[in-house]
Every structure is written in structure tokens, then in C-alpha cells.
Amino acid sequence: MSNHEVLEGGHKLPLVEDFYTIQGEGFHTGKPAYFIRLGGCDVGCAWCDAKYTWNPRMYPPTPIEEIVERAVACAAQSIVITGGEPLLYPLEILTKSLKERGLAIFLETSGSHPFSGIFDWVCLSPKRKSAPLEGAYAHADELKVVIQSEEDLLWAEECAAKVGEKCLLFLQPEWSVAEEIMPLLVEYAKRNPQWSISIQAHKYMRIP
Ligand code: SF4
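By convention here, each chain's residues receive numbers from 1 onward along its written sequence. For this predicted model, a pLDDT threshold of at least 70 governs which residues receive local features, and a threshold of 80 or more governs which side-chain atom pairs are given and counted, while totals over whole chains, interfaces and linings are taken from all residues. Side-chain measures here rest on the full set of heavy atoms in the structure, leaving out hydrogens and waters.

Q: For the packing of aromatic side chains, give the residues involved together with the corresponding values.
A: Centres within 6.5 Å make a pair out of two Phe, Tyr or Trp rings, where for Trp the six-membered ring is used; the pair is then stacked when the planes are under 30 degrees apart, edge-to-face when over 60, and tilted otherwise. As enumerated under the stated definition, the model contains four aromatic pairs in all. A centroid spacing of 5.8 Å and a plane angle of 75 degrees characterise the contact between Phe115 and Phe119, whose relative ring orientation is edge-to-face. Burial classes: relative accessible area under 20% of the type maximum marks a residue as buried, over 50% as exposed, and values in between as partly exposed (1.4 Å probe, protein chains only). Take Phe115: its relative accessible area is 26%, and that puts it in the partly exposed class. Residue Phe119 is classed as buried on the basis of its relative accessible area, which comes to 17%. Pairing Trp175 with Tyr204 gives two aromatic rings, centres 5.3 Å apart and planes at 70 degrees, and the pair type is edge-to-face. A residue pair is termed long-range when its members are at least 10 positions apart, and Trp175 in the loop between β8 (168-173) and α5 (178-191) and Tyr204 in helix α6 (residues 201-205) qualify at 29 residues. Elements are defined by DSSP. Helices are runs of H or I of four residues or more, strands are runs of E of two residues or more, and each kind is numbered from the N terminus.

Listed below in C-alpha cells is the structure:
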């Protein structure tokens, strides 16, 4: 996406894909939702499931009206805006337009870019490589920390200390080590019951 388009203030966004599915992670697991996936991410997690999204230039700047019309054409009551990192872009126009159509709007973000848009639910998934901006924590309804090794639990606690009191806390095993690390997470959550465990249920359901 060119600077010009970013300066258009979010009238167009680099759309990677949009699809109706069942949410697979975190608090809303199991609920149907329409996903809008935007291109571009500069965080670079080694285990990223969506590496194909990283370069936003590969995806056409798509007018908001087109994205919204496609979303409202399906039965979904909830929209998940994900990426890549959606907060690379100003999201006011997209979220306001979806809201006007009566849809609930959820965000999946690493919090590493300035917050924009109106959301009913924000899932903050902080990444150590590119930590959330300090302002991001207050927006989180749900903190979902991917755990690859034991030391990630310290990072999870560091982030948990910054979110609001009502924010739900989830530890999610990184998929490639999920089997090995699960016993550790189970014991950790039992000892620290403010934490719940999130598993990537969509992978078991074989859906996107
Ligand atoms: S922040 Fe998300 S999209 Fe970006 S590299 Fe990490 S997992 Fe992938």
C-alpha cells in the first residue's frame, strides 16, 4: 500500500482474504464469525501462521464499501479484523461502517502500532520481538500470549500486569510445540487460576 493510500485515511485497505468461519482461539472460540484479514506485518514471529500476509504490496488496496458489502452479505453477526497487523492502518472508517450495519467487531492485534477504530472486543496478543505500545494494554478485553518455551511465561506475566482488571488472560501453546509444552501450561494455570488455556481449535476442526 502506498503512502498516498494510507493518507487516504483508511478508505482502502490491503485485503488478503475474507471468509466466514468458526473462531478458533481465545474467549470466542467456537462462535461463527466473518474474518477480514489485512496484509502487512513488521513483527516477524518465527512461528507465524500467516507469513503470506507480511508484505502488504501483494494485496490490492480494496475500498471499504466493497469489504463491508461482502461482510454483510453473509449470516455472520460478528466480524474479526485480523492480519498481519491490522493496526498498521487507520481502522475508523472500516469499523464505523461495519458498526452502522449492526455488526459486532472484534480485533486481533499485537498492539505494536497506534490504536484506531471502534471495537466490541479486543484480543491483544503481545509479541516480545515487538512489544505492544504502552497505550495498547488498556484496550485489551482479552490478553492471549503464545507460549513457546517456559520463559515466555515471564513475558505473559509482564503483560498481564499492564492490562485492566477485567481483561481475561489466556496462555496459548505455540502449535509446533503444543504437545510438549501443554503439561507445563496446565500445571501453570492450575497454580495461577487467573489464567485460562487457549488452544488453536480451528486446526483441530480443519478450518481456516
Ligand atoms: S504479529 Fe501476528 S501476523 Fe505478525 S508475524 Fe506475529 S503472528 Fe504473524
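Q: So what's going on with the pairing of strand β4 (residues 78-82)? Residues and values would help.
A: Extensive coverage of β4 is indicated by the burial of five of its five residues. Every second residue of β4 is oriented toward a common face, with Ser78, Val80 and Thr82 on one face and Ile79 and Ile81 on the other, all of them buried. Relative to β4, strand β2 (residues 32-38) runs parallel, the two sharing four bridges. Looking across to β4, one finds that Tyr34 is bridged to Ile79. Strand pairing requires that DSSP identify at least two bridges connecting the strands. Looking at chain direction, β4 and strand β5 (residues 104-109) are connected through four bridges and run parallel. Bridge pairing in β5 links Val80 to Phe106.

Q: Can you lay out the side chain of Ser198 for me, pointing to particular residues and giving the numbers?
A: Assignment of secondary structure puts Ser198 in the loop between β9 (195-197) and α6. In this structure Ser198 comes out as buried when scored by relative accessible area, which is 4%. Polar contacts here mean pairs of N or O atoms no more than 3.5 Å apart (in protein, one a potential hydrogen donor and the other a potential acceptor; neighbouring residues in sequence count only if both atoms are side-chain atoms). Only 2.9 Å separates the side chain of Ser198 from the backbone nitrogen of Gly26, close enough to count as a polar contact. In this structure the side chain of Ser198 is engaged in a polar contact, spanning 2.7 Å, whose partner is the side chain of Gln172. The contacts of Ser198, once residues within four sequence positions are left out, are Glu25, Gly26, Lys144, Phe170, Leu171, Gln172 and Pro173. The criterion used for residue contact is that any of the two residues' heavy atoms lie within 4.5 Å.

Q: I'd love a proper account of the side chain of Gln23, names of residues and values included.
A: When you line up the elements, Gln23 lands in the loop between β1 (12-22) and β2. Other than its neighbours up to four places away in sequence, Gln23 contacts His28, Thr29, Gly30, Lys31, Ala33, Phe35, Val80, Phe106 and Met205.

Q: Account for the environment of Trp47, with residues named and values stated.
A: With respect to the helices and strands, the residue Trp47 is situated in the loop between β2 and β3 (61-63). Among the residues examined, Trp47 registers a relative accessible area of 25% and is labelled partly exposed. Considering only alpha carbons, one finds Trp47 and Ala156, 109 residues apart in sequence, at a separation of 17 Å. Not counting the four nearest positions on each side in its chain, Trp47 is found in contact with Lys127, Val146, Gln148 and Glu174.

Q: Break down helix α4 (residues 152-160) for me, with residues and values.
A: When we look at burial in α4, the residues that qualify are Asp152, Leu153, Trp155, Ala156, Cys159 and Ala160. The arc enclosing the buried residues of α4, seen along the axis, measures out at 155 degrees, which places them on a common side. Directions are taken from the helix axis to each C-beta atom, and the arc is the one they span.

Q: With reference to specific residues and values, describe the pairing of β5.
A: Looking along a regular strand, one sees the side chains alternate between the two faces of the sheet. The path from the first strand over the helix to the second decides the hand: if it runs clockwise while the strands point away from the viewer, the crossover is right-handed. Regarding the hand of the β-α-β motif, the stretch spanning β4, helix α3 (residues 92-100) and β5 is right-handed. Alignment of β5 against strand β6 (residues 121-124), held across four bridges, turns out to be parallel. What sits directly across from Glu108, in β6, is Cys123.

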